[in-house]
Amino acid sequence: MMLLTTVIVLSLIALSALLLAPWSSRGEYDRDAINQALYRDRLRELNGDVANEQERAQLVEELQHTLLQDIPGGAKAQQRPLNRWFLLPGVLLLVIVSLGVFWKTSAVNRVQELQQVVALTPELMKRALDPDAEPLTIEEVARLGLGLRSQLETQSDNPQDWWMLGRIAGLLNNYDMSVQAFAKAFQLDPKNTDLALDYADLLSRSTDPRDSQRGGEMLRELMNSGSTNVRVLSLLAFNAYEAQRYQDAIDAWQMMLKLLPQNDTRRAVIERSVGQAKASLSVQATTGK
């Protein structure tokens, strides 16, 4: 808005300068009048001060010559002054062009786009939470994330929105934003087991050793609190395996096998993972690494 105000003010100044500036040729007439007045004054001085008629005539001739040199050569045809209101269309064009440039280069259109995205946020959120609804496209996911960020600027105490923003940022491969959003959600709702599990999942898969360690600690805290569901065990096993704590990974996978039904297709994958962890543990024991 500051830029828009500046454009308007400058345009008004230009309009005032064009319409109110004293455009005329009166300056030339004033110059002639001044020269004539000076000539008469000087002529009176010569008549009063110079007694010698021949010398006075010579001085008068020089004075006339000086006056003629100060008169512009050639008589200029008197022209009718330009009507200033003829300049009004040009000024209006200047204003229109300035506003057009402002519209293209300013944040006004982006603000309007953001307002439209915010208006669509409830509908996009409803679709995202409805398993039977049409899945969101990547573009719609990005719009939902933008709408949530704008919404959280004024309603920052909603852990569900922070949670959703963290999941969306994860889908968009924005790890830093995802971690920040999950951290805020967990701070607002630390007793939410599902939220803590999602947060720990994100951290445990991080390439940052500190985040991965923090994720493992959260998973063990969930285990100690009695949350021995399959997902907790799976994430705990993965985190331990990535940290080369193979025995911890084996223990977690074996606990998963006890919880899963005999006909569960995941059992075969887990059994292969246990075999790989045992082989890695054997190599580790042999090499000491």
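Residues numbered from 1 in each chain as written. Predicted model: local features only at pLDDT ≥ 70, side-chain atom pairs only at ≥ 80, totals over all residues. Heavy atoms only, no water.

## A few points about the confidence of the model for the protein
The share of residues in the protein with pLDDT of 70 or more is 66%, and the mean pLDDT across the chain is 78. For the protein, helix H1 (residues 2-20) is the element with the lowest average pLDDT, namely 61, and helix H8 (residues 175-188) is the one with the highest, namely 95. Between residues 23-29, whose pLDDT stays under 50, and residues either more than four places distant or in other chains, the model counts five contacts. Taken together, the stretch residues 74-78 has pLDDT below 50 and engages in two contacts with residues farther than four places along the chain or on a different chain. (pLDDT = per-residue confidence, 0-100. Helix = DSSP H or I, 4+ residues; strand = E, 2+ residues; numbered from the N terminus. Contact = heavy atoms within 4.5 Å.)

## Let's talk about the nonpolar core
With 44 residues, the main nonpolar core has Leu 144, Leu 148, Met 218, Leu 219, Trp 253 and Ile 270 as its most contacted residues. Here this core takes seven residues from helix H9 (residues 193-204), the largest share from any one element. (Core = buried A, V, L, I, M, F, W, Y, C linked by side-chain atoms within 4.5 Å. Buried < 20%, exposed > 50% of the residue type's maximum accessible area, 1.4 Å probe, protein only.)

## Describing the packing of aromatic side chains
Taken as a whole and judged by the stated rule, the model has four aromatic pairs. Taking the centre distance of 5.3 Å and the plane angle of 70° together, the rings of Tyr 241 and Tyr 246 count as edge-to-face. Following the ring pairs from residue to residue traces out a cluster consisting of Phe 182, Phe 186 and Tyr 199. The residue whose ring lies beneath Arg 205 is Phe 238, and the NZ or CZ to ring-centre distance is 4.9 Å. (Phe/Tyr/Trp six-rings, centres within 6.5 Å; stacked < 30°, edge-to-face > 60°. Lys NZ or Arg CZ within 6 Å of the ring centre and 35° of its normal.)

## Quick look at a nonpolar patch on the surface
Residues Ile 138, Leu 171 and Leu 172 make up a contiguous nonpolar surface patch of roughly 310 Å² in combined accessible area. Positionally, Leu 171 belongs in helix H7 (residues 159-171). (Patch = residues over 30% accessible without salt bridge, like charges linked within 9 Å, V, L, I, M, F, W, Y side chains within 5 Å. Areas by Shrake-Rupley, 256 points an atom, 1.4 Å probe, with all protein chains shown as cover. Salt bridge = Lys/Arg side-chain N within 4 Å of Asp/Glu carboxyl O.)

## A look at the environment of Val 232
Summarising the element assignment, Val 232 is placed in helix H11 (residues 230-242). Judged by its relative accessible area of 0%, Val 232 is buried. Counting along the chain gives 24 residues from Val 232 to Met 256, while the straight-line C-alpha distance between them is 9.4 Å.

## With respect to the packing of helix H12 (residues 246-259) against helix H13 (residues 266-287)
The contact between H12 and H13 brings their axes to 9 Å, and the two run at 160°. Here H13 runs roughly antiparallel to H12, going by the angle between their axes. In this structure, H12 meets H13 at a crossing whose hand is left-handed. Facing H12, whose interface residues are Tyr 246, Gln 247, Ile 250, Trp 253, Gln 254, Met 256 and Leu 257, H13 presents Arg 267, Ile 270, Glu 271, Ser 273, Val 274, Ala 277, Lys 278, Ser 280, Leu 281 and Gln 284. Class assignment of the residues belonging to the contact of H12 with H13 gives a composition of nine nonpolar, five polar and three charged. (Axes fitted to C-alpha atoms, helices over the stretch in contact; angles between N-to-C directions. Parallel < 35°, antiparallel > 145°, perpendicular 65-115°, else oblique. Left-handed = near helix turned anticlockwise from the far one by under 90°. Nonpolar A, V, L, I, M, F, W, Y, C, P; charged D, E, K, R; others polar.)

## Description of the side chain of Thr 121
Secondary-structure assignment places Thr 121 in helix H5 (residues 108-129). Setting aside anything within four residues of it in sequence, one finds Thr 121 in contact with Leu 144, Gly 147, Leu 148 and Gln 151.

## Some thoughts on unusual backbone geometry
Glycine aside, the phi torsion of most residues is negative, and most peptide linkages are trans. Despite not being glycine, Asn 173 has its phi angle at roughly 60°, a positive value. Tracing the chain through its elements places Asn 173 in the loop between H7 and H8. For Asn 173, a relative accessible area of 72% translates into the label exposed. Even without being glycine, Gln 244 reaches a positive phi, approximately 65°.

## A few points about the pattern of salt bridges
On inspection of all chains with the given rule, the structure shows nine salt bridges. Salt-bridge contacts for Arg 127 lead to Glu 140; the nearest nitrogen and oxygen are separated by 3.1 Å. Taken as a pair, Arg 127 in helix H5 and Glu 140 in helix H6 (residues 138-154) lie far apart in primary sequence, 13 residues in all. Side by side, Arg 127 and Glu 140 carry an identical accessibility label, which is buried. Residue Arg 214 pairs with Glu 221 through a salt bridge whose shortest N-O separation is 3.9 Å. Via salt bridges that share partners, Asp 198, Asp 201, Arg 205 and Arg 231 belong to a single interconnected network.

## Structural notes on the side chain of Asp 161
With respect to the helices and strands, Asp 161 occurs in helix H7. Buried Asp 161, no salt bridge; nearest opposite-charge side chain is Arg 167, N-O distance 11 Å. Of note is the side chain of Asp 161, whose polar atom sits 2.9 Å from the side chain of Gln 151. Setting aside chain neighbours within four positions, we find Asp 161 in contact with Met 125, Leu 148, Gln 151 and Leu 152. (Lys, Arg positive; Asp, Glu negative; His and termini not counted. Polar contact = N/O pair within 3.5 Å; in protein donor to acceptor, adjacent residues only side chain to side chain.)

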